[in-house]
Amino acid sequence: MATALASRTAQAGLVARASGAKGVARPVTGRAPVKVVACARSSSFAAGNGAFTAAAVRPARGLRAAARRGAVATRAKLGDSLAEFLVEATPDTKLRQLLMSMSEALRTIAFKVRTASCAGTACVNSFGDEQLAVDMLADKLLFEALRFSHVCKYACSEEVPEPVDVGGEGFCVAFDPLDGSSIVDTNFAVGTIFGVWPGEKLKDITGRQQAAAGMGIYGPRTIFCLAVAGYPGCHEFLLMDDGKWVHVKETTEIGEGKLFAPGNLRATFDNPAYERLISHYLGEKYTLRYTGGMVPDVFQIIVKEKGVFTNVTSPSTKAKLRILFEVAPLALMVEQAGGASSCDGLCVSALDVPILGYDQRTEICFGSVGEVKRFEEYLYGNSPRFSVANELEANPRQ
């Protein structure tokens, strides 16, 4: 009996020490006190530990929730993924879905451009343009991406210039699947241009009604350049080795700088005003940066934050650039980057020219405000939009 009591006493002392009790491991002469002391200490420890754990978990969960809310509320920043950027740039979930779908198509086209045939298909589109195999492949990929997005009602491209019902609802998209495809075999940079309009029509609209516009640039690096209406700046996303798009640059200002890309130089033969403008660039020692591909020639203005792109007509050289597929989307990107445009010989922004037909063509200038002002003064005699009086009216001194 004494041996059993001693054994129970020793066990109680071990429990008490494990519970953190001080001075409880002394001999105890009765069975009931041993049980009461051990259980009381053990229960108080468990209760205290549980209370501590619950108190610790509640603030931790609250902090995590606050961090998630803060991440959404924080302005999109460099290093963000495309998906993270879009959460900040627009509350419209359908627009986010459409732009993510377009990014998937651009990523696939970037790979296919490196391997697809540059041979002709012996076909022409309804505009009379020869179609290349690589054109048609890019066109197919974009139509598929828009169809599976489920948020696009009509899609229209330079290769298929009549709207196609792709089964979704919310937006319409017009695109040039591979601008500059004729220079793919020379290994110059080429690209995709697209504009997104809300609703269900792609004519009797203006570029200013776009919800977003973008271009993919396929060169030594693959870039997705994107502007979302109502969200500041023009944004560049770099395609990484793991297939992710990462936000690498935001452009909000295009300043003055001596860099020019003069398209359709043949027009200088019988357009004296254009000849004088080109002479000005040469006389002022501007740097010539022109590839013959509209995507890289306009994109350099955004990425370098300076320069001018011109494409002018004359009696013997007609307009080639289409407002719907090329000019209006590029205008949204350039103007949101802090630049300007001049379209159709009207001394107005390309975003304000009514788009009345799918094949509507124009002459165009993109660049800094100063360069577009100079373009209008040389070509049309004046630039009322950018006059000093208008600038003072728009920005009165406080």
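Keep in mind that this is a model prediction, so the values were computed, not measured.

A. Just the environment of G170, in detail. Mapped onto the elements, G170 comes out in the loop between β4 (164-165) and β5 (171-179). For G170, a relative accessible area of 30% puts it in the partly exposed group. Remark: the alpha-carbon pair of G170 and Y154, spanning 16 residues in sequence, is separated by 9.5 Å. Those residues within four positions of G170 in sequence are excluded, and the remaining contacts are V151, P198 and G199.

B. Inspection of the sheet that holds strand β13 (residues 308-311) at higher detail. The 5 strands are arranged β12-β11-β13-β17-β15 in an open sheet whose pairing can be described as mixed. Edge positions in the open sheet fall to β12 (287-288) and β15 (340-343), since each of these has one partner strand only. Two strands pair when backbone bridges link them, and strand β11 (residues 259-263) and β13 are joined in this way by 4 bridges, in the parallel orientation. In the strand pairing of β13, F260 is matched with V308. Contacting β11 and β13, helix α6 (residues 272-283) runs over the sheet at an angle of about 150° to β11.

C. Looking closely at the packing of helix α7 (residues 294-304) against helix α8 (residues 323-336). One way to put it is that α7 packs onto α8 with a least axis distance of 10 Å and a crossing angle of 15°. Considering their axes alone, α7 and α8 lie roughly parallel with respect to each other. Read as a crossing pair, α7 and α8 show a hand that is right-handed. Along the contact surface, α7 presents M294, V298 and I302, while α8 presents E326, V327, L330, M333 and V334. A per-class count over the contact of α7 with α8 returns 7 nonpolar, no polar and 1 charged.

D. Geometry of the packing of aromatic side chains. Inspection of the entire model under this criterion finds 11 aromatic pairs. Geometrically, the ring pair formed by F143 and F175 is edge-to-face, given 5.3 Å between the ring centres and 70° between the ring planes. Highlighted residues: F143 in helix α5 (residues 133-149) and F175 in strand β5, separated in sequence by 32 residues. Relative accessible area serves as the criterion here: at 9%, F143 is assigned to the buried category. Considering the side-chain rings of F375 and Y380, the 5.8 Å spacing of their centres and the 85° angle between planes classify their relative orientation as edge-to-face. Residue classification places Y380 among the partly exposed residues on the basis of a relative accessible area of 25%. Grouped by ring-pair contacts, the aromatic residues F85, F194, F224, Y231, F237 and W245 constitute a single cluster.

E. Unusual backbone geometry, seen in detail. A positive phi angle, near 65°, is found at H150, a position not held by glycine. Mapped onto the elements, H150 comes out in the loop between α5 and β3 (152-157). Looking at H150, the relative accessible area reads 56%, which means it is exposed. Positive phi, normally seen in glycine, also occurs at K285, with a value near 60°. With respect to the helices and strands, K285 occurs in the loop between α6 and β12.

About the cut-offs
- Residues numbered from 1 in each chain as written.
- Predicted model: local features only at pLDDT ≥ 70, side-chain atom pairs only at ≥ 80, totals over all residues.
- Heavy atoms only, no water.
- Helix = DSSP H or I, 4+ residues; strand = E, 2+ residues; numbered from the N terminus.
- Buried < 20%, exposed > 50% of the residue type's maximum accessible area, 1.4 Å probe, protein only.
- Contact = heavy atoms within 4.5 Å.
- Pairing = 2+ DSSP bridges.
- Axes fitted to C-alpha atoms, helices over the stretch in contact; angles between N-to-C directions.
- Parallel < 35°, antiparallel > 145°, perpendicular 65-115°, else oblique.
- Left-handed = near helix turned anticlockwise from the far one by under 90°.
- Nonpolar A, V, L, I, M, F, W, Y, C, P; charged D, E, K, R; others polar.
- Phe/Tyr/Trp six-rings, centres within 6.5 Å; stacked < 30°, edge-to-face > 60°.

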